[in-house]
Amino acid sequence: MADTKILAMCGKGGVGKTSVCALMVKLLAKGNGRKILAIDADPAVGLATALGIPVRKTVDDIRKGLIARIQKGESPGGQETSKLLDYEVFEALEEREGFALLAIGRPEDEGCFCKVNSLLKDIIGDLSGNFDIVLIDGEAGIEQINRRVMKTVDHLVLVSDTSAKGIGVANTIADVVNEKKAVDFTSMGLVLNRVRDLSEVNDIKARTRLEVYGWLTDDDLIRSLDFRGEPLTGMPQTSPSLAAVAGIVDRIFGAGMNSPCTPACHAGREDT
Ligand SMILES: Nc1ncnc2c1ncn2[C@@H]1O[C@H](COP(=O)(O)OP(=O)(O)OP(=O)(O)O)[C@@H](O)[C@H]1O
Ligand SMILES: [Mg+2]
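Residues numbered from 1 in each chain as written. Chains lettered and ligands numbered in written order. Predicted model: local features only at pLDDT ≥ 70, side-chain atom pairs only at ≥ 80, totals over all residues.

**Notes on the overall build of the chain**
Logical step 1: When helices and strands are tallied, the chain shows 10 helices and eight strands.
Logical step 2: Looking at the 272 residues of the chain, the share that counts as buried comes to 38%.
Logical step 3: In the chain, of all internal contacts separated by at least 6 residues, the share reaching a separation of at least 24 is 77%. (Helix = DSSP H or I, 4+ residues; strand = E, 2+ residues; numbered from the N terminus. Buried ≥ 20, exposed ≤ 12 C-beta atoms within 10 Å, placed from the backbone. Contact = placed C-beta atoms within 7 Å.)

Below, the structure written as structure tokens:
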């Protein structure tokens, strides 16, 4: 199995998780040989929209289809079901230049189909093993990512705007994660968005124990792409926000993630 690195975005609603995640995908997918999987774990499929990808099929569609077959007594069960799900998830994968996208869809409805859910989680886990970097964009907390997508993540990225409320939510998520050991991770840090100047960053640093990975300013280009309903993949390479995200990626993964992939990157992987 490849040494896959899994990163998940968390934070208060509307602070810029999806925008930062989409810029990370754009940056990492620029063709340096690394395989990138973007997972849109937001029911509103915000990441797919930010990447300009219409979603045809979600993991939830697959789940519902299987549950309907089980209820009609049409599911073969066992290995056969697992193989079929594997195929369906692969089919739901939207492949683009330099990256692939998987949309999770809506949260589970009432009723316990734990076996189906854990089967799908295993399939997502196996699929992720074929990629170098997996970027997960979700709702506010880590719990739903944990429950619906992935048992463990390597890097937890807490995004916040400069509001006390946003920072408060990031601090609370960090406390819950630390106290409850809700998720295994190797690093956790804060990305500040829509920052006005350095004094705001320094002020916030004094109010959090979290490492600040970096910050983005309020960006008219993000605003205008959003205004026109255009994907963030349209951001020019010279964009200061993209440069800020490059710094954040280096901070998280170590410098060099943007440089070409060596054969060692894919050592031991079945498809290489
Ligand atoms: N740096 C920025 N400059 C200007 N506008 C921004 C910036 N970052 C995000 N926005 C805008 O703020 C809004 C919310 O951003 P985004 O959807 O990325 O947040 P989110 O945290 O993913 O929200 P949700 O919790 O609803 O998923 C969007 O309209 C986006 O275009
Ligand atoms: Mg979002």
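**What to know about helix H1 (residues 17–28)**
Given 3.6 residues to a turn, an α-helix orients residues that are three or four positions apart in the same direction.
Logical step 1: Taking 1.5 Å of rise per residue, 12 residues should cover 16 Å, and H1 covers 16 Å from first to last C-alpha, within 8% of that figure.
Logical step 2: Within H1, 12 of the 12 residues are buried, which leaves the element mostly enclosed by the surrounding structure.
Logical step 3: Turning to H1, its buried residues are Lys17, Thr18, Ser19, Val20, Cys21, Ala22, Leu23, Met24, Val25, Lys26, Leu27 and Leu28. (Expected span 1.5 Å × (residues − 1).)

**Regarding the site of ligand 1**
Logical step 1: Not every one of the 17 residues close to ligand 1 is listed here, only the nearest: Gly16, Lys17, Thr18, Ser19 and Asp226.
Logical step 2: Taken together, the elements giving at least two residues each to the shell around ligand 1 come down to H1, strand S7 (187–195) and helix H9 (220–228). (Near = placed C-beta within 6 Å.)

**A look at the sheet that holds strand S5 (residues 133–137)**
Logical step 1: Pairing within the open sheet is mixed, and its eight strands lie in the order S3-S4-S2-S5-S1-S6-S7-S8. Each end of this open sheet is capped by a strand with a single partner; those strands are strand S3 (94–96) and strand S8 (211–217). Averaged over all pairs of adjacent strands, the angle between strand axes in this sheet comes to 20°, irrespective of strand direction.
Logical step 2: Pairing between strand S2 (residues 36–40) and S5: five bridges, direction parallel. (Pairing = 2+ DSSP bridges. Axes fitted to C-alpha atoms, helices over the stretch in contact; angles between N-to-C directions.)

**Quick word on the nonpolar core**
Logical step 1: Among the nonpolar cores identified, the biggest contains 75 residues, and Val25, Ile136 and Leu158 are the most heavily contacted of them.
Logical step 2: The element best represented in this core is H1, accounting for eight residues.
Logical step 3: Non-local contacts of Val25, meaning those with residues more than four positions away in its chain, are made with Ile36, Ala38, Leu51, Phe99 and Leu135. (Core = buried A, V, L, I, M, F, W, Y, C linked by C-beta atoms within 7 Å.)

**Here's the deal with the confidence of the model for the chain**
Parts of the prediction with low pLDDT should not have their coordinates interpreted in detail.
Logical step 1: Mean pLDDT over the chain works out to 87, with 87% of the residues at or above the 70 mark.
Logical step 2: Contacts of residues 268–272 to residues separated by more than four positions or lying in other chains number four contacts, the stretch itself having pLDDT below 50. (pLDDT = per-residue confidence, 0-100.)

**Considerations on helix H7 (residues 164–180)**
Logical step 1: Taking 1.5 Å of rise per residue, 17 residues should cover 24 Å, and H7 covers 24 Å from first to last C-alpha, within 8% of that figure.
Logical step 2: Those residues of H7 that are buried are in contact with strand S1 (5–10), strand S6 (155–160), S7 and helix H8 (198–205).

**Re the packing of H1 against helix H10 (residues 240–253)**
Logical step 1: Axis separation between H1 and H10 bottoms out at 9 Å; the angle between their running directions is 80°. Taken as axis vectors, H1 and H10 run roughly perpendicular relative to one another. Between H1 and H10, the residues in contact are Val20, Leu23, Met24, Leu27 and Leu28 and Ser241, Leu242, Val245, Ala246 and Val249, respectively.
Logical step 2: The residue inventory of the contact of H1 with H10, partitioned by class, reads nine nonpolar, one polar and no charged. (Parallel < 35°, antiparallel > 145°, perpendicular 65-115°, else oblique. Nonpolar A, V, L, I, M, F, W, Y, C, P; charged D, E, K, R; others polar.)

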